[in-house]
Amino acid sequence: MVGKHTSAAYGGAGWSPRSSSLRDEIGRLWGACGIETEWEPLKAVLLHRPGAELEAVTDPNAASMFELLDFDRALAQHDALARAYSDAGVAVHYVEPPETPPPNSMFVADLFFMTPEGAIVGRPASSVRAGEERWVARRLAALGVPILGSVRGRGTFEGADATWVDPKTVLLATGLRTNVEGAAQVKHLLEGMGVEVILAGLAFGAMHLMGTFRILDRDLVAAWPGRVPYAVVQTLRARGLTILFCPDEDEAIHGMALNVVVLGPRRILMPAGNPVTQAFYENAGIDCQAVEVDELLKAAGGIGCLTGILQREMDSA
């Protein structure tokens, strides 16, 4: 009989060390997931189909929304958004909470930030949204997505406050939705992956970093002058990216024309009803697919906010 201290369980003959990295195991031991840029082809998203929680809203301001929504119309538009992703070859997954969640749960982008090794689960800043992250964490785990950490203590962090500039750089904003403590926790996790994190403060009146600029390709950005932080412009220009400034502030405000999702290099899904901005994008060589979301915009978020990015193609090792 083999002595227990010479058995495989104690590192003896037969012991098999785990030599692969977590990233190497994704798609094999773990579910397929991960991103390291904002522009590579989109492969999978996580959505929450609104239900009783949205239908029950009677005071939009108390629910952090602009106006009451026509529930049936909002639901039809959300379903059309999901179809647009499916038609583009993107896998669509749903949160599917087992009980009625808070009213803003359809804004999935705020609830986690995806990395090449798995997800960082956020902690929304408003008491109205407290607990939404629980159901997203549950679904991420069910999909086999590694959860690298959850923002804790008094930290707050919403995923729309972080953006991949390139596979080694993330811009991370503090402001209304992400506080200094939450940002420090996210920064620590990313730096453990060898990622440089550049901090930027948002202006009063900016909800998220996502709403101030979007990276459309490795060398092209659309940004909102007067909203995009100066540190962001400095960082992007220092890395050779061309910045296009939105041509119509009314469309940026009321039509959320900058709140887009990149389907692939210079290919975007954007809100319909923004003709000036759409023509501007198209003149810059951007392939635009527009979807009607005007009812959903009344809840104070756009296409980017509604879409949790689970997976994009990745090149780097």
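Below is a short write-up of the structure. Here the structure is a predicted model, which means the values were calculated and not measured.

### Notes on the sheet that holds strand β6 (residues 162-166)
Pairing is mixed across the open sheet formed by three strands, whose spatial order is β6-β7-β8. The sheet is open, and its two borders are formed by β6 and β8 (196-201), each paired with just one other strand. On average, each strand axis in the sheet is inclined to that of its neighbour by 25 degrees, with strand direction left out of account. When strand β7 (residues 169-174) meets β8, the two strands line up parallel, connected through six bridges. Bridge pairing in β8 links L171 to I198. Against the sheet, helix α5 (residues 180-191) engages β6, β7 and β8, with an angle of about 170 degrees to β7.

### Remarks on the packing of aromatic side chains
Across all of its chains, the model carries two aromatic pairs by this definition. With a centroid separation of 5.9 Å and an interplanar angle of 10 degrees, the aromatic rings of F113 and W164 are classed as stacked. Of this pair, F113 sits in strand β3 (residues 112-115) while W164 is found in strand β6, placing the two residues 51 residues apart along the sequence. Side by side, F113 and W164 carry an identical accessibility label, which is buried. Measuring from centroid to centroid gives 6.3 Å for F280 and Y281, while their planes differ by 50 degrees, and the two rings are tilted. According to the relative accessible area criterion, Y281 is buried, its value standing at 1%. One Lys or Arg, R227, reaches over the ring of W224 and ends 4.1 Å from the middle of that ring.

### Quick notes on the nonpolar core
Core analysis: the biggest nonpolar cluster contains 65 residues, and Y85, F112, L140 and L190 have the highest contact counts within it. In this structure, L209, A223, V228 and L244 belong to the second largest nonpolar core, which totals 34 residues.

### Topic: helix α6 (residues 230-238)
Restricting attention to buried positions, one finds in α6 the residues V232, V233, T235 and L236. Relative to the axis of α6, the buried residues are bounded by an arc of 165 degrees and lie together on one face. For α6, the exposed residues lying more than 90 degrees away from the buried face are Y230, R237 and A238. In this fold, the buried residues of α6 make contact with β6, β7, β8, β9 (213-217), β10 (220-223) and β11 (242-245). Directly after α6, the chain includes G240, whose backbone phi takes a positive value near 85 degrees.

Reading the values: the criteria
- Residue positions within a chain follow its written sequence, with the count starting from 1.
- Under the rules for a predicted model, residues below a pLDDT of 70 receive no local features and side-chain atom pairs below 80 are neither given nor counted, while totals for whole chains, interfaces and linings still include all residues.
- Just so you know, side-chain values use all the structure's heavy atoms and leave hydrogens and water out.
- Whether two strands pair depends on DSSP finding at least two bridges between them.
- Strands are runs of DSSP state E lasting at least 2 residues, helices are runs of H or I lasting at least 4, and numbering of each runs from the N terminus.
- Only the stretch in contact is used when fitting a helix axis, every axis being a line fitted to C-alpha atoms; angles between N-to-C directions are given from 0 to 180 degrees.
- Here, two residues are considered to be in contact whenever any of their heavy atoms come within 4.5 Å of each other.
- Planes of paired rings set the category: under 30 degrees apart is stacked, over 60 is edge-to-face and the rest tilted, where pairs are Phe, Tyr or Trp rings (Trp by its six-membered ring) whose centres lie within 6.5 Å.
- Residue exposure (1.4 Å probe, protein chains only): buried if accessible area is under 20% of the type maximum, exposed if over 50%, otherwise partly exposed.
- For a ring to carry a charge above it, either NZ of a lysine or CZ of an arginine must fall within 6 Å of the ring centroid while also lying within 35 degrees of the normal to the ring plane.
- Remark: nonpolar core denotes a set of buried residues (Ala, Val, Leu, Ile, Met, Phe, Trp, Tyr, Cys) joined through side-chain atoms within 4.5 Å.
- What the arc covers is the set of directions going from the helix axis to the C-beta atoms.

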